[in-house]
Amino acid sequence: MTESSWRMPRWFHQMGSPKWFYGFAGILQPWFAIAALGLLTWGALWGLAFAPADYQQGNSFRIMYVHVPAAILSQSIFLGMAVAGAVGLVWKMKVAFMVARSCIAIGATFTAIALVTGAIWGKPTWGAYWVWDARLTSTLVLFFLYAGIMALNQAISERHIAGKATAILAIVGTINIPIIKYSVEWWNTLHQSSSFTLTAKPSMPAEMYLPLLLTVLGSYCFFALVVLMRTRSQIVQSQSGASWLMQHRDITGA
Amino acid sequence: MIRFMWAIVRRDLLLVARQPAEMINPLVFFLLVIALFPLGVSPEAALLSQTAAGVIWVAAMLATLLSLELLFKLDHDDGSLEQLLLAPYPSWSLVLAKVFVHWLVSGLPLILISPLIATMLFLPSQAVPTLMLSLLIGTPTLSLLGAIGAALVTGVRGGGMLLTLLILPLYVPVIIFGASSVAAAAQGMAIDGYMALLAAMFVFALMITPWAAGSALKL
Amino acid sequence: MYFESLDALLNMAGHGPYVWSCYGLFFALLGLNVWHAKRQQLKALKQVKALVRRNS
């Protein structure tokens with residue numbers, strides 16, 4: 001693949017420089033940490049103790065405040081990972097591959113959380129821990145996709161090749177996700193007599209809806225925090241001999 | 001380029017002919033899984049005929065998976081894969097040729113033997129044409145998607161298990177619609193929608209596989 | 001607060017174990033992630049520091 005002929009803005013290529021990224025990410029890191037902690041705590045407390053109970057589901061609906069962010073993040077992280085991989089492949093940016101790699105663990109975590117909280121929520125709502133409902137089943141398949149990418153990344157020892165292989169798999173997986181979702185939903189309606197949805201009805205009063213907004217935003221901030229941290233670690237590992245790093249504040253302690 | 005692809009097809013078929021085990025194994029595996037299912041569950045005709053569509057499709061998928069690892073491995077091990085990639089032809093043509101051979105060797109026998117399997121699992125005979133048609137469109141799709149995984153794990157230790165893990169999520173839609181089409185036919189319902197979707201998935205796999213597998217092979 | 005007492009908050013009319021286990025899992029796994037990321041960061045920095053010491 002040849003280098004792109006139309007020009008990308010300067011900041012785009014700047015981000016590809018490990019030294020620049022390390023510095024910029026380092027500045028952002030503490031802010032995302034504070035934002036994540038604040039938003040998540042506030043949202044969780046509000047959802048747990050202050051929001052009114054759902055008249056149909058009772059108090060178990062409060063699980064929504066952690067289940068929904070996890071589900072949303074599990075999918076958007078996969079997409080982000082594929083985009084980062086694509087950027088790495090097209091513009092041959094090593095930093096992009098590092099960002100993609102940083103997404104794997106946290107994405108799989110959110111998927112697992114979505115699965116388990118979905119199952120636990122199912123017990124008081126439907127009477128069973130697991131049902132082959134469309135959303136849970138699609139999330140299960142998504143988890144397998146993450147597991148595959150994680151395994152592939154660890155199996156290839158050469159970092160640069162691992163980055164490219166993971167990017168290809170992530171892109172193929174992303175293209176397949178809508179197809180998988182569609183087929184599982186279709187299969188589900190074929191076999192289920194009633195249709196269950198795990199998310200609460202959209203016409204929720206504000207006191208119910210706002211904590212959700214907080215936990216979703218907080219989760220995104222947390223994701224950003226972890227990705228920045230992990231990408232910076234990879235930069236340090238891959239640039240160990242570089243002079244800019246060896247003279248950096250974090251190393252010399254100055 | 002067609003001559004190049006044809007040369008690869010002939011060469012791979014010749015290699016398979018020298019080791020017929022490679023061709024027999026997936027078939028025997030397929031039959032074994034089908035035979036084990038009633039043994040493990042129940043020989044009751046009513047139960048078997050209900051699940052036959054899904055069981056046959058899952059067994060076909062497993063049989064395809066079994067032979068996928070070898071798709072590129074043998075050529076990679078003796079270095080000929082690198083040489084082939086250096087040829088002045090796009091890598092996707094190499095991928096297509098090899099996938100075609102793989103399907104001939106693993107998918108086609110399954111299709112041909114499926115009426116026999118249908119009888120063993122008490123699938124209503126009116127569903128058999130649909131079964132064969134769905135396998136005809138579906139098994140090439142499975143071979144294509146599997147090639148992406150096989151290309152990614154070429155040269156990686158323990159590739160077989162990893163390959164399975166990588167591809168199974170991609171197989172989910174094909175299994176769902178393949179099995180559902182046969183189940184619908186067994187109940188006498190229309191299958192046009194299913195076939196259209198299966199065909200669409202095949203075309204889609206045909207479009208992305210050669211690119212993805214070709215790029216992966218060059219890594 | 002929606003609940004009359006701390007006890008009611010923990011119990012949630014019988015749904016308590018479900019809700020609390022979910023929140024616990026959520027924060028536990030996220031905490032694990034950030035802890036692991038931090039550990040990775042410290043390990044990487046330590047390696048470079050050792051390299052600097054060896055070269056100086």
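It should be emphasised that the depicted structure is a prediction, and the values quoted were computed from it without experimental measurement.

Student: Help me out: how do you make sense of the overall build of chain C in this one?
Tutor: A tally of regular secondary structure across chain C gives two helices and zero strands. Here chain C has a C-alpha radius of gyration of 22 Å; the compact-globule value for 56 residues is 10 Å, and the former is much larger. Once the C-alpha set of chain C is aligned to its principal axes, its extents read approximately 65 × 20 × 10 Å.

Student: What should I look at first to understand the overall build of chain B in this one?
Tutor: Broken down by element type, chain B carries nine helices and zero strands. Shown N-terminal to C-terminal, the secondary structure of chain B runs as helices and strands in the order α-α-α-α-α-α-α-α-α. Taken over C-alpha atoms, the radius of gyration comes to 18 Å for chain B, in line with the 17 Å a tight globule of 219 residues would show. With respect to the three principal axes, the spread of C-alpha positions in chain B is 55 × 35 × 30 Å. Counting only residues that meet the buried cut, chain B has 46% of its 219 residues in that class. Restricting to contacts in chain B with at least 6 residues of sequence separation, those with at least 24 account for 81%.

Student: Please clarify how the arrangement of the chains should be interpreted in this entry.
Tutor: Counting contacts across all two pairs of chains found in contact, the highest total belongs to chains A and C. The closest approach of any C-alpha atom in chain B to one in chain C is 24 Å; the two make no contact.

Student: Got a minute to help me understand the nonpolar core in this structure?
Tutor: One recurring pattern in soluble globular proteins: nonpolar side chains tend to sit buried together. Core analysis: the largest hydrophobic core is formed by 152 residues, its most contacted members being Ile 56 and Leu 152 of chain B. Here this core takes 16 residues from helix 4 (residues 94–126) of chain A, the largest share from any one element. Contact partners of Leu 152 of chain B, with chain neighbours within four places excluded, come to Leu 152, Ala 165, Ile 168 and Leu 169 of chain A together with Leu 166 and Ala 216 of chain B.

Student: I keep staring at the interface of chain C and chain A and nothing clicks. Help me out?
Tutor: Often the size quoted for an interface is simply the accessible area lost on bringing the parts together. Contacts between the two partners involve 29 residues from chain C and, on the opposite side, 38 residues from chain A. The element that contributes the greatest number of residues to the side of chain C that touches chain A is helix 2 (residues 16–55) of chain C, accounting for 22 residues. Across the side of chain C that touches chain A, the residue classes break down as 21 nonpolar, six polar and two charged.

Student: Explanation requested: the confidence of the model for chain C in the structure shown.
Tutor: Note that predicted coordinates carrying low pLDDT should not be read in detail. On average, residues of chain C carry a pLDDT of 86, and 100% of them reach 70 or more. Reported for the predicted complex are a pTM of 0.87 and an ipTM of 0.89.

Student: Would you take a moment to explain the interface of chain B and chain A for this structure?
Tutor: Taken together, the contact between chain B and chain A spans 20 residues of the former and 23 residues of the latter. Elements with a contribution of two residues or more to the side of chain B that touches chain A: helix 7 (128–152), helix 8 (159–186) and helix 9 (192–217) of chain B. If one sorts the elements of the side of chain B that touches chain A by residue count, helix 8 of chain B sits on top with 11 residues. In the side of chain B that touches chain A, the residues fall into 17 nonpolar, three polar and no charged.

Student: Help me understand the packing of helix 5 (residues 134–155) of chain A against helix 8 of chain B, please; the structure alone is not making it clear to me.
Tutor: Helix packing geometry: the angle between the two helix axes and the distance between the axes. For the pair helix 5 of chain A and helix 8 of chain B, the least separation of the axes is 9 Å and the interaxial angle reads 150 degrees. Overall, the two elements helix 5 of chain A and helix 8 of chain B adopt an arrangement that is roughly antiparallel. Seen along the crossing, helix 5 of chain A lies across helix 8 of chain B with a hand that is left-handed. Residue-level contacts link Val 141, Phe 144, Leu 145, Ala 147, Gly 148, Ala 151, Leu 152 and Ala 155 of chain A of helix 5 of chain A to Leu 162, Leu 165, Leu 166, Leu 168, Pro 169 and Val 172 of chain B of helix 8 of chain B. Within the contact of helix 5 of chain A with helix 8 of chain B, the residues separate by chemical class into 13 nonpolar, one polar and no charged.

Student: What should I look at first to understand helix 4 of chain A in this one?
Tutor: Working note: α-helix, 3.6 residues per turn, so residues spaced by three or four point in the same direction. All names here are of chain A. Taking 1.5 Å as the rise per residue, helix 4 with 33 residues should run 48 Å; its terminal C-alpha atoms sit 47 Å apart, in good agreement. By the largest-angle criterion, Ile 104 marks the main kink of helix 4, which is about 30 degrees. Helix 4 sits mainly inside the fold: 24 of its 33 residues count as buried. One or two residues past the end of helix 4 sits Gly 127, with phi positive at roughly 85 degrees.

Student: Help me understand unusual backbone geometry, please; the structure alone is not making it clear to me.
Tutor: Negative phi values dominate among residues other than glycine, just as trans dominates among peptide bonds. Unusually for a residue other than glycine, Lys 92 of chain A sits at a positive phi of about 50 degrees. Relative to the elements of secondary structure, Lys 92 of chain A occurs in the loop between helix 3 (64–91) and helix 4. We note that Phe 122 of chain B has phi near 60 degrees; this positive angle belongs to a residue other than glycine. Locating Phe 122 of chain B in the fold gives a position in the loop between helix 6 (91–120) and helix 7. Residue class for Phe 122 of chain B comes out partly exposed when judged on the 19 C-beta atoms lying within 10 Å of it.

Student: Mind showing me how you'd approach the environment of Thr 139 of chain A here?
Tutor: Residue and element names in this part refer to chain A. Inspection of the secondary structure assignment puts Thr 139 in helix 5. The class of Thr 139 is buried, set by 23 C-beta atoms lying within 10 Å. Along the backbone, Thr 139 and Lys 181 are 42 residues apart, and their C-alpha atoms lie at a distance of 8.8 Å. Those residues in contact with Thr 139 that sit more than four places away from it in its chain are Ala 71, Ser 74, Thr 111, Ala 114, Leu 115 and Gly 118.

Student: Help me understand the environment of Gly 163 of chain A, please; the structure alone is not making it clear to me.
Tutor: Residues and elements named next belong to chain A. Within the fold, Gly 163 resides in helix 6 (residues 159–191). Along the primary structure Gly 163 and Asn 153 are separated by 10 residues, whereas in three dimensions their C-alpha atoms are 7.3 Å apart. Non-local contacts of Gly 163, meaning those with residues more than four positions away in its chain, are made with Gly 88, Phe 97 and Arg 101.

Student: Whenever I open this one, the confidence of the model for chain B confuses me. Can you help?
Tutor: Summarising the model, chain B shows a mean pLDDT of 87, and 100% of its residues fall at 70 or more. Per-residue pLDDT, averaged within each element of chain B, yields its smallest value for helix 4 (residues 70–77) of chain B (79) and its largest for helix 7 of chain B (92).

About the thresholds
Residues numbered from 1 in each chain as written. Chains lettered and ligands numbered in written order. Predicted model: local features only at pLDDT ≥ 70, side-chain atom pairs only at ≥ 80, totals over all residues. Helix = DSSP H or I, 4+ residues; strand = E, 2+ residues; numbered from the N terminus. Rg over C-alpha atoms; globule rule 2.2 N^0.38 Å. Buried ≥ 20, exposed ≤ 12 C-beta atoms within 10 Å, placed from the backbone. Contact = placed C-beta atoms within 7 Å. Core = buried A, V, L, I, M, F, W, Y, C linked by C-beta atoms within 7 Å. Nonpolar A, V, L, I, M, F, W, Y, C, P; charged D, E, K, R; others polar. pLDDT = per-residue confidence, 0-100. Axes fitted to C-alpha atoms, helices over the stretch in contact; angles between N-to-C directions. Parallel < 35°, antiparallel > 145°, perpendicular 65-115°, else oblique. Left-handed = near helix turned anticlockwise from the far one by under 90°. Expected span 1.5 Å × (residues − 1). Bend = angle between axes of the 7 residues up to and from the residue.

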